[in-house]
Amino acid sequence: MEVTPRKAEAEQSPARPDRKSAWRDLFTFRAAAQPRQELWLGVGAFLLVLVVWSIVAESGLVQPQILPSPRAVVAAWLRLFTEAGYLGDIAISVARVWAAFLASAVIAIPLGILMSGYRFVTAVTEPIIDFVRYLPVPALVPLTLIWLGIGEGSKVTLLWIGTFFQLILLIADDARRVPKEFIETGRTLGASDGALMKDVLLRAMLPNMVDSLRITLGWCWTYLIVAEIVASSSGIGYELWTARRYGKTPEVFAGILTIGIIGLFCDQAIRMLHRRWFRYLQ
Amino acid sequence: MSTSAFIRINQVAKAFATPDGGTIPVVDPLSIDIKEGEFVVFVGPSGCGKTTVMRMVGGLETPSAGDIHLDGKRVEGPSRDKGMVFQSYSSFPWLTVLGNIRFGLRYRNDISSAEKERIARHYLALVGLGQFADYTINRISGGMRQRVAIARTLAANPLVLLMDEPFGALDALSRERLQIQLMELRRAERKTVIFVTHDVDEAVLLADRIVVFSARPARILADIPVSATLPEKRSLDILDIPEFRQIRREVLALIRAQETGLEAAE
Ligand SMILES: Nc1ncnc2c1ncn2[C@@H]1O[C@H](COP(=O)(O)OP(=O)(O)OP(=O)(O)O)[C@@H](O)[C@H]1O
Ligand SMILES: [Mg+2]
């Protein structure tokens, strides 16, 4: 039977389930999401870790050199901001990550789409990509230093190598997973190859592609710290390593937490955009 | 064979490569001539090659032998002349109902954008989705999605409409409604249609002509001129008249003989 618009709208906002069943659903296999309860659980678990950490550190069971208390870490953090110009370090690290990430994405997206579409491109590029992909990034540090010196170029290049060759394969797979029917529909409606890639393929793969980009951005941070530890005089990774050299464990903790917080923030922001942009998937 | 055929399938055969390096014949050389405005239904046992023949007409599959001409031009690949409606849902989820129908006009540069908008809304209304213009695809029913696909394909103004079990996934009631709607659309548009179905009632109801295929590799077992016995304007009441039941029996007997033949061979 046909659904009238009004009825369909009513279906969109079902009566709110009671709280008890929401909690039960959390333990039911493949039950619907319970955003509010899930948020509380996430925050709760985070706080629990914090509380356990505080108790262990403040009780004096463990030396502060090994495990500083949360209070000491917060103090170290403030010190970093006020005395060591930490904001500048954060800014330069974020800039390096985004420069490398954007450079990867700008090349990987068109090339990945071409790889999915043309056997020639795959045949030529895949062996090279697979070869580079298995090289551990730290192994390339000496070479990038020899070639590019210790300037920004070598660090961004290192991050780019670490992410580009992974990202391009993810993008090509996202493109390959677009249903054949979409492509054939486009063709029978008169789309040229170019139009097909732009108007059908890219649009159809976009939600998965944003996920691929989000995951790759995380890898960027991993390689950033490697690059900054080995060859840098600024950035979060550099400060982290310097703090270790002087035995400042609270500062080391503060550095780790900073990276975690930035990562968490970026990830959640992209997830939120994903939900907003791709509302049609629900 | 007359040279005036609108669609001319000439000694077309198809064999697919098998994973072990051999080939498997799916369509034996066969010829079909279709007149402009004719509604031809392909029926035959499952897996016999109906979809393959239709996809070759659509240019989505290349014949291993023979050739196909549409309106005097050789079919070399897919184009806007050959509109396809697939069985599975092929509407784009990132567009609205109206957006999907508009997409059918996107690559037409023979008309202005104001004209495109008018045509899109015309077909939106024609398939009865006027109220749902701004709905996204994931929020409408299966039957409505197929109507979107049909409207989008018609909006592209193809020379021939190729429909591969378009109502196969629908419940009986939606299917009946769409069958009636398709008959009306067709009378209004005078399109040439090739339609594949498993449902013999559907075949007899819609067809000017039924082509019955053998089990794989496909050959033509019978070519039944339905419109010679049944009136052109039909309704669901026709299911009860003797001529209808006669044709239906005939088609069913042909397919059944093939399927028992298949079982005996296995
Ligand atoms: N791309 C392909 N590669 C190899 N074999 C194929 C391919 N497409 C179809 N076939 C085979 O060709 C045969 C005919 O397929 P086709 O889809 O044309 O049959 P059909 O008559 O449409 O069947 P159904 O009624 O079940 O839809 C099947 O045995 C199928 O396995
Ligand atoms: Mg089929």
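Only a predicted model underlies this, so the values are computations on that prediction, with no experimental measurement involved.

Thresholds applied
Residues numbered from 1 in each chain as written. Chains lettered and ligands numbered in written order. Predicted model: local features only at pLDDT ≥ 70, side-chain atom pairs only at ≥ 80, totals over all residues. Heavy atoms only, no water. Helix = DSSP H or I, 4+ residues; strand = E, 2+ residues; numbered from the N terminus. Rg over C-alpha atoms; globule rule 2.2 N^0.38 Å. Buried < 20%, exposed > 50% of the residue type's maximum accessible area, 1.4 Å probe, protein only. Contact = heavy atoms within 4.5 Å. Areas by Shrake-Rupley, 256 points an atom, 1.4 Å probe, with all protein chains shown as cover. Lys, Arg positive; Asp, Glu negative; His and termini not counted. Charge placed at Lys NZ, Arg CZ, Asp CG, Glu CD. Axes fitted to C-alpha atoms, helices over the stretch in contact; angles between N-to-C directions. Parallel < 35°, antiparallel > 145°, perpendicular 65-115°, else oblique. Near = heavy atom within 4 Å. Polar contact = N/O pair within 3.5 Å; in protein donor to acceptor, adjacent residues only side chain to side chain. Nonpolar A, V, L, I, M, F, W, Y, C, P; charged D, E, K, R; others polar. Pairing = 2+ DSSP bridges. Buried area = accessible area lost by both parts, 1.4 Å probe. Salt bridge = Lys/Arg side-chain N within 4 Å of Asp/Glu carboxyl O. Phe/Tyr/Trp six-rings, centres within 6.5 Å; stacked < 30°, edge-to-face > 60°. Lys NZ or Arg CZ within 6 Å of the ring centre and 35° of its normal. pLDDT = per-residue confidence, 0-100. 1 Å grid on protein atoms, 1.4 Å probe; cavity = no way out; pocket = protein on both sides within 12 Å on 5 of 7 lines; lining within 4 Å. Points joined across faces, edges and corners; volume = space filled by probe spheres on them.

## Regarding the overall build of chain B
Then comes step 1: In terms of helices and strands, chain B carries eight helices and ten strands.
Then comes step 2: Relative to its length of 266 residues, chain B is compact, with a C-alpha radius of gyration of 19 Å against a globular reference of 18 Å.
Then comes step 3: Among the 266 residues that make up chain B, the fraction classed as buried is 53%.
Then comes step 4: Across chain B, every contact between residues at least 6 apart in sequence was considered, and the portion connecting residues at least 24 apart equals 69%.
Then comes step 5: With an accessible surface of roughly 11500 Å², chain B has 49% of that area assigned to carbon and sulfur atoms.
Then comes step 6: Here chain B contributes 34 positively and 33 negatively charged side chains, and the mean placements of these two sets differ by 5 Å.

## Brief notes about the packing of helix α3 (residues 35–58) of chain A against helix α4 (residues 70–83) of chain A
Residues and elements named next belong to chain A.
Then comes step 1: The contact between α3 and α4 brings their axes to 8 Å, and the two run at 100°. In terms of orientation, α3 and α4 fall into the roughly perpendicular class. Of the residues in α4, those touching α3 at Leu50, Trp53, Ser54, Ala57 and Glu58 are Pro70, Arg71 and Val73.

## Focus on the site of ligand 1
Residue and element names in this part refer to chain B.
Then comes step 1: The environment of ligand 1 is formed by Phe16, Val26, Ser46, Gly47, Cys48, Gly49, Lys50, Thr51, Thr52, Glu165, His198 and Arg216.
Then comes step 2: Contacts to ligand 1 include lysine 50, whose side-chain N or O atom sits 2.7 Å from an oxygen atom.
Then comes step 3: Here an oxygen atom of ligand 1 and a side-chain polar atom of arginine 216 are 2.6 Å apart.
Then comes step 4: Protein chains bury 63% of the 630 Å² of accessible surface belonging to ligand 1 in isolation.
Then comes step 5: Top contributing element to the shell around ligand 1 by residue count: helix α1 (residues 50–57), with three residues.
Then comes step 6: Each residue belonging to the shell around ligand 1 can be placed in one class, and the counts come to three nonpolar, six polar and three charged.

## Re the sheet that holds strand β7 (residues 160–164) of chain B
All names here are of chain B.
Then comes step 1: Spatial strand order, β6-β7-β8-β3-β9-β10: six strands in an open sheet with mixed pairing. What marks the edges here is a single partner per strand, and that holds for β6 (82–85) and β10 (220–224). When the angles between neighbouring strand axes are averaged without regard to direction, this sheet yields 15°.
Then comes step 2: As paired strands, β7 and strand β8 (residues 192–196) are joined by five bridges and run parallel to one another. Looking across to β8, one finds that methionine 163 is bridged to phenylalanine 195.

## Thoughts on the interface of chain B and chain A
Then comes step 1: Taken residue by residue, the interface counts 31 residues in chain B and 26 residues in chain A.
Then comes step 2: Buried area between chain B and chain A, summed over both chains or domains, comes out near 2600 Å², and the portion from carbon and sulfur atoms is 61%.
Then comes step 3: Taken as a group, Trp94, Tyr107 and Arg139 of chain B account for 26% of the area that chain B buries against chain A, more than any other trio of residues on that side.
Then comes step 4: Linking chain B with chain A are two salt bridges, by the criterion used here.
Then comes step 5: Where arginine 106 of chain B meets aspartate 199 of chain A, a salt bridge forms, and the shortest distance between an N and an O atom there is 3.1 Å.
Then comes step 6: Connecting chain B to chain A are five residue pairs in polar contact (both at pLDDT 80 or more).
Then comes step 7: Those elements that provide at least two residues to the side of chain B that touches chain A are β6, α4 (142–155) and α5 (172–189) of chain B.

## Some remarks on the packing of aromatic side chains
Aromatic rings considered in pairs are described by the distance between their centres and by the relative angle of their planes.
Then comes step 1: Applying the stated rule across the entire model yields 17 aromatic pairs over all chains.
Then comes step 2: Considering the side-chain rings of phenylalanine 39 of chain B and phenylalanine 195 of chain B, the 5.8 Å spacing of their centres and the 35° angle between planes classify their relative orientation as tilted. Highlighted residues: phenylalanine 39 of chain B in strand β3 (residues 39–43) and phenylalanine 195 of chain B in strand β8, separated in sequence by 156 residues.
Then comes step 3: An aromatic cluster of at least three residues, connected via ring pairs, comprises Phe182 of chain A together with Phe92, Trp94, Phe103 and Tyr107 of chain B.
Then comes step 4: Positioned over the ring face of tryptophan 241 of chain A is arginine 244 of chain A, at 4.9 Å from the centre of the ring.
Then comes step 5: Here the basic side chain of arginine 139 of chain B rests over the ring of tyrosine 135 of chain B, its NZ or CZ set 4.9 Å away from the ring centre.

## Concerning the confidence of the model for chain B
Residue and element names in this part refer to chain B.
Then comes step 1: Averaged over all residues, the pLDDT of chain B equals 88, while 96% of them reach at least 70.
Then comes step 2: The secondary-structure element of chain B with the lowest mean pLDDT is helix α8 (residues 242–265), recorded at 79, while helix α2 (residues 97–103) shows the highest, at 96.
Then comes step 3: In the predicted complex, the global pTM is 0.84; the interface-specific ipTM is 0.87.

## Looking at the pattern of salt bridges
Then comes step 1: Tallied over the entire structure, the rule returns 25 salt bridges over all chains.
Then comes step 2: Salt-bridge contacts for glutamate 58 of chain A lead to arginine 71 of chain A; the nearest nitrogen and oxygen are separated by 2.8 Å. With a gap of 13 residues between them, glutamate 58 of chain A in helix α3 and arginine 71 of chain A in helix α4 connect regions that are remote in the sequence.
Then comes step 3: You can call glutamate 58 of chain A partly exposed: its relative accessible area is 42%.
Then comes step 4: Residues aspartate 110 of chain B and arginine 108 of chain B are paired through a salt bridge, measuring 3.3 Å at the closest nitrogen-oxygen approach.
Then comes step 5: Within the structure, one salt-bridge network assembled from shared partners comprises Asp211, Arg214, Asp267 and Arg271 of chain A.

## Quick look at empty space enclosed by the protein
Residue and element names in this part refer to chain B.
Then comes step 1: On inspection of all chains with the given rule, the structure shows four cavities of 30 Å³ or more.
Then comes step 2: As a volume, the largest cavity reaches approximately 110 Å³.
Then comes step 3: Taken together, Phe39, Leu182, Met183, Arg186, Arg187, Arg190, Leu205, Leu206, Asp208, Glu232 and Arg234 make up the full set of residues lining the largest cavity.
Then comes step 4: Elements with a contribution of two residues or more to the lining of the largest cavity: α5 and α6 (200–206).
Then comes step 5: In terms of residue count, α5 provides more of the lining of the largest cavity than any other element does, four residues in total.
Then comes step 6: The class makeup of the residues in the lining of the largest cavity is five nonpolar, no polar and six charged.
Then comes step 7: Here the second largest cavity is characterised by a volume of approximately 40 Å³.
Then comes step 8: Lining the second largest cavity we find Leu154, Leu161, Leu182, Leu185, Arg186, Glu189, Lys191 and Val193.
Then comes step 9: Take the lining of the second largest cavity: its biggest share by element is four residues, from α5.
Then comes step 10: For the lining of the second largest cavity, the per-class residue count stands at five nonpolar, no polar and three charged.

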